[in-house]
Amino acid sequence: MCRSIKTLRPPALPEEATEDDIRAAALQYVRKVSGFHAPAAHNREVFDRAVDEVAEATRTLLEHLEVRGSHQASARAAAQS
């Protein structure tokens, strides 16, 4: 586990994760998996694409997670009814 990636959902993060939070976590994940802190020029495109894809998957996950007992879950349920 990459220890520098923080939990991005409540209650660990009191407010919603920002785009910067999500991109930073995605970048750390891709760095850990690839073993590169900064990729060589010939790997830059695939590295950047991976960061984009992980960030998008993270946004989707956070948007659809239901954290029981959280204020956000209650507000989301109320908005859907």
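Here's a quick rundown of the structure. Just so you know, the residues in each chain are numbered from 1, in the order the chain's sequence is written. Thresholds applied to this predicted model are a pLDDT of at least 70 for local features of residues and 80 or more for the giving and counting of side-chain atom pairs; totals over whole chains, interfaces and linings are not thresholded and use all residues. The side-chain values count all of the structure's non-hydrogen atoms but skip hydrogen atoms and water molecules.

Time to look at helix H2 (residues 44-64). Taking 1.5 Å per residue as the helical rise, H2 with its 21 residues ought to reach 30 Å, and the 30 Å between its terminal C-alpha atoms agrees with that figure. Listed as buried for H2 are Phe47, Val51, Ala55 and Thr58. Across the axial projection of H2, the buried residues extend over an arc of 75°, all falling on one side. Within H2, the exposed residues directed more than 90 degrees away from the buried face are Glu45, Glu53, Glu63 and His64. Pairs of residues are marked as contacts when any of their non-hydrogen atoms sit within 4.5 Å. In DSSP terms, a helix is any run of H or I states spanning at least four residues, a strand is any run of E spanning at least two, and both are numbered starting from the N terminus. Here the buried face of H2 lies against helix H1 (19-34). What a helix should span is 1.5 Å times the count of its residues minus one. Exposed residues in this analysis have more than 50% of their type's maximum accessible area, buried residues have under 20%, and partly exposed residues fall in between, with area computed by a 1.4 Å probe over protein chains only. What the arc measures is the spread of directions leading from the helix axis to the C-beta atoms.

Another point: the pattern of salt bridges. What makes a salt bridge here is a side-chain nitrogen of Lys or Arg within 4 Å of a carboxyl oxygen of Asp or Glu, nothing more. Taken as a whole and judged by the stated rule, the model has six salt bridges. Between Asp21 and Lys6 there is a salt bridge whose closest N-O contact spans 3.5 Å. Here the residue Asp21 occupies a position in helix H1, and Lys6 occupies one in the segment before H1, the gap between them amounting to 15 residues. In this structure, Arg49 engages Glu45 in a salt bridge whose closest nitrogen and oxygen atoms are separated by 3.6 Å. Placement of the pair is Arg49 and Glu45 together in helix H2, with a separation of four residues, close to one helical turn. Residue classification places Arg49 among the partly exposed positions, given a relative accessible area of 41%. Classification of Glu45 by relative accessible area gives exposed; the value is 60%. Among the charged side chains, a salt-bridge network with shared partners connects Glu19, Glu56 and Arg59.

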